[in-house]
Amino acid sequence: MLVSLTNTPRDYAWGSTDLIARLEGREPTGRPEAEVWLGDHPGNPAVTGDGRTLDAWLAAEGSATGAPTTLTFLLKLLAAGSPLSIQAHPSKAQAEEGFAREEAAGIPRDAGQRTYRDDNHKPELIVAVSDEFHALAGLRPIDDTRRLLALLGPAAEPLASRLERHGPEAALADTIAWLLSGDAQPEVDALIQAVADAPRGAGFDAELDLVAHVADAYPGDPGVIVAMLMNLVILAPGEGLYVPAGVLHAYVSGLGVELMAASDNVLRGGLTPKHIDVDELLTVLTPAPGPAPRVFAEPAGEGLWRYDTPAPDFALRRADVRDDAAVRVPVPQATVVLATAGSVTVQTAEEAAELTPGRALMITPEAQGVVLRGSGTVYLATSGTVS
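Residues numbered from 1 in each chain as written. Predicted model: local features only at pLDDT ≥ 70, side-chain atom pairs only at ≥ 80, totals over all residues. Heavy atoms only, no water.

Draft legend 1. Region of interest: the overall build of the chain. The number of helices and strands found in the chain is ten helices and 20 strands. Its C-alpha atoms give the chain a radius of gyration of 22 Å, near enough to 21 Å, the size a compact globule of 387 residues would have. Dimensions along the principal axes, computed over C-alpha positions, put the chain at roughly 70 × 50 × 40 Å. The buried share among the 387 residues of the chain stands at 54%. Contacts spanning at least 24 positions in sequence make up 75% of the contacts within the chain whose residues lie at least 6 apart. Approximately 15,400 Å² of the chain is accessible, and the part contributed by carbon and sulfur atoms is 50%. Separation between the mean location of the 28 positive side-chain charges and that of the 52 negative ones in the chain comes to 2 Å. (Helix = DSSP H or I, 4+ residues; strand = E, 2+ residues; numbered from the N terminus. Rg over C-alpha atoms; globule rule 2.2 N^0.38 Å. Buried < 20%, exposed > 50% of the residue type's maximum accessible area, 1.4 Å probe, protein only. Contact = heavy atoms within 4.5 Å. Areas by Shrake-Rupley, 256 points an atom, 1.4 Å probe, with all protein chains shown as cover. Lys, Arg positive; Asp, Glu negative; His and termini not counted. Charge placed at Lys NZ, Arg CZ, Asp CG, Glu CD.)

Draft legend 2. The arrangement of the pattern of salt bridges in detail. For the structure shown, the criterion picks out 20 salt bridges. Between Arg 26 and Glu 33 there is a salt bridge, and its shortest N-O distance comes to 2.9 Å. You can call Arg 26 partly exposed: its relative accessible area is 28%. Salt bridges here are not isolated pairs; linked through shared partners, they connect Glu 102, Glu 103, Arg 109 and Arg 114. (Salt bridge = Lys/Arg side-chain N within 4 Å of Asp/Glu carboxyl O.)

Draft legend 3. Region of the structure containing the packing of aromatic side chains. One pass over the full model with this rule turns up three aromatic pairs. Taking 5.7 Å as the distance between ring centres and 70° as the angle between the ring planes, the aromatic pair formed by Phe 133 and Tyr 251 counts as edge-to-face. Of the two residues, Phe 133 sits in strand β7 (residues 133-139) while Tyr 251 sits in strand β10 (residues 249-261), which places them 118 residues apart along the sequence. Each of the two residues, Phe 133 as well as Tyr 251, counts as buried. Lying across the ring of Trp 37, Arg 10 places its NZ or CZ 4.7 Å from the centre. (Phe/Tyr/Trp six-rings, centres within 6.5 Å; stacked < 30°, edge-to-face > 60°. Lys NZ or Arg CZ within 6 Å of the ring centre and 35° of its normal.)

Draft legend 4. Seen up close, unusual backbone geometry. In the Ramachandran plot, Leu 271 falls in the positive-phi region, its phi being about 60° despite a non-glycine side chain. Relative to the assigned elements, Leu 271 resides in the loop between β11 (267-268) and α10 (278-284). Given a relative accessible area of 2%, Leu 271 falls into the buried group.

Draft legend 5. The arrangement of helix α2 (residues 54-65) in detail. Its twelve residues place the ends of α2 only 14 Å apart at the C-alpha level, less than the 16 Å of an ideal helix rising 1.5 Å per residue. Where the residues of α2 are buried, they touch β1 (2-6), β3 (47-48) and β19 (360-363). A positive phi of about 85° marks Gly 66, the residue just after α2. (Expected span 1.5 Å × (residues − 1).)

Draft legend 6. View of the nonpolar core. Leu 152, Leu 159, Ile 225, Met 228 and Leu 248 are the most contacted members of the largest nonpolar core, which has 50 residues in total. The element that contributes the greatest number of residues to this core is helix α6 (residues 168-180), accounting for six residues. Filtering out sequence-adjacent residues up to four positions away, Leu 248 remains in contact with Ile 86, Gln 87, Ala 88, Leu 136, Ala 137, Gly 138, Leu 139, Ile 176, Val 226, Met 230, Leu 281 and Leu 285. Counting 36 residues, the second-largest nonpolar core is a separate cluster that includes Leu 23, Ala 46, Ala 334 and Met 362. (Core = buried A, V, L, I, M, F, W, Y, C linked by side-chain atoms within 4.5 Å.)

Draft legend 7. Fine view of α6. Compared with an ideal rise of 1.5 Å per residue, which puts 13 residues at 18 Å, α6 spans 18 Å between its outermost C-alpha atoms and is within 8% of the ideal. Among the residues of α6, Ala 171, Leu 172, Thr 175, Ile 176, Trp 178, Leu 179 and Leu 180 are the ones counted as buried. Just downstream of α6 lies Gly 182, where phi reads positive at about 95°.

Draft legend 8. Up close: the side chain of Glu 124. With respect to the helices, strands and loops of the structure, Glu 124 is situated in strand β6 (residues 124-128). At 3.1 Å, the side chain of Glu 124 and the side chain of His 89 are in polar contact. A polar contact is formed between the side chain of Glu 124 and the side chain of Tyr 251, at a distance of 2.9 Å. Not counting residues up to four positions away in its chain, the partners in contact with Glu 124 are His 89, Leu 241, Tyr 242, Val 243, His 249, Tyr 251, Glu 258, Leu 259, Met 260 and Phe 314. (Polar contact = N/O pair within 3.5 Å; in protein donor to acceptor, adjacent residues only side chain to side chain.)

Draft legend 9. Focus on the environment of Leu 19. Relative to the assigned elements, Leu 19 resides in helix α1 (residues 19-24). Taking the C-alpha atoms as reference, Leu 19 lies 8.0 Å from Glu 33; in sequence the two are 14 residues apart. The contact partners of Leu 19, leaving out residues within four places of it in the chain, are Ala 79, Ala 80, Gly 254 and Leu 255.

Draft legend 10. Inspection of the pairing of strand β14 (residues 304-307) at higher detail. As defined by bridge partners, strand β13 (residues 298-301) adjoins β14 across three bridges and the pair is classed as antiparallel. Residue pairing in the sheet places Gly 301 in a bridge with Leu 304 of β14. Pairing analysis gives four bridges linking β14 to strand β15 (residues 315-321), with the strands arranged antiparallel. The residue of β15 that forms the bridge with Leu 304 is Ala 319. (Pairing = 2+ DSSP bridges.)

Draft legend 11. Representation of the environment of Leu 180 within the structure. Inspection of the secondary structure assignment puts Leu 180 in helix α6. Other than its neighbours up to four places away in sequence, Leu 180 contacts Pro 222, Val 226, Gly 269, Val 278 and Leu 281.

Next up, the structure:
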């Protein structure tokens with residue numbers, strides 16, 4: 001069975017005013033359009049063709065069609081016009097413990113100071129759709145950060161000295177705690193000014209320009225300097241970034257397809273007016289420096305690609321359909337399909353539906369497989385591992 005899915009874009013302030021509209025071929029509304037949720041998450045479930053929300057549809061129809069009554073994943077279209085908050089997500093064990101603790105404390109789940117809104121982890125994968133997708137992910141190797149700080153003159157000395165006090169992981173955790181403590185505001189302000197004044201042409205132009213851009217969006221925010229400790233990642237279309245538990249990240253600009261475990265647990269580390277629990281962030285943080293966790297598509301059949309991650313909750317494939325050559329896709333589990341380019345017809349033995357950019361549907365497992373025809377690109381999200 002093919003079940004059409006729609007949803008209204010969420011109007012978070014950081015959302016782009018035109019990227020989703022341009023993808024869908026319509027006039028922008030003039031308001032931020034940040035995310036389109038294409039799942040059954042109770043925070044914003046998609047709507048099926050018969051007007052029911054997807055969570056209600058699965059509860060009523062899932063068993064009869066071979067689909068689960070709830071999905072383990074959430075597929076989104078994400079459009080960043082300005083930087084999102086720096087954040088990390090808990091492991092499964094940390095989420096269960098934190099959720100139970102806050103439930104016992106009687107903190108309402110929608111309270112601003114609530115950290116754990118459910119008991120699940122939230123590993124996530126984002127794949128670029130726009131020509132460039134800019135993100136910050138993971139902590140840069142300290143030797144590279146030292147070279148960057150050397151360009152900033154005396155204003156960088158307090159930060160540079162902290163990075164020398166311990167081994168790399170302890171030094172980074174200590175530095176992040178200091179930056180977010182509220183005690184480092186004079187040093188933060190001086191560093192932000194030093195970034196604006198720093199000479200370009202010494203190998204860190206993109207990083208300095210990014211930090212200056214973030215500072216314009218969040219003047220005086222300590223997260224601007226936390227961002228300076230992180231890897232800058234620029235993804236080309238089809239390239240991905242996987243963020244496991246504990247890894248600091250922030251999406252900066254661009255349009256992407258995001259797939260995550262079904263959770264809303266976020267520990268923030270700056271670039272936001274929302275609640276920041278520094279102690280809890282440090283509890284879940286993985287402060288090990290290293291390269292950004294990029295993911296590249298691997299062949300999975302004619303016209304079909306997969307993005308391998310260790311996440312047990314989801315799997316993502318991409319189908320590139322060209323010149324009406326059929327792409328055959330096995331569907332062992334309930335699968336959410338989202339089109340990002342062209343026009344692709346999804347066909348089962350009994351029915352067919354055309355997808356154009358921004359349109360989505362769910363395929364129930366009774367279909368066993370589908371044939372894709374036309375010319376375009378679709379992403380297919382499902383639970384677990386697929387070959």
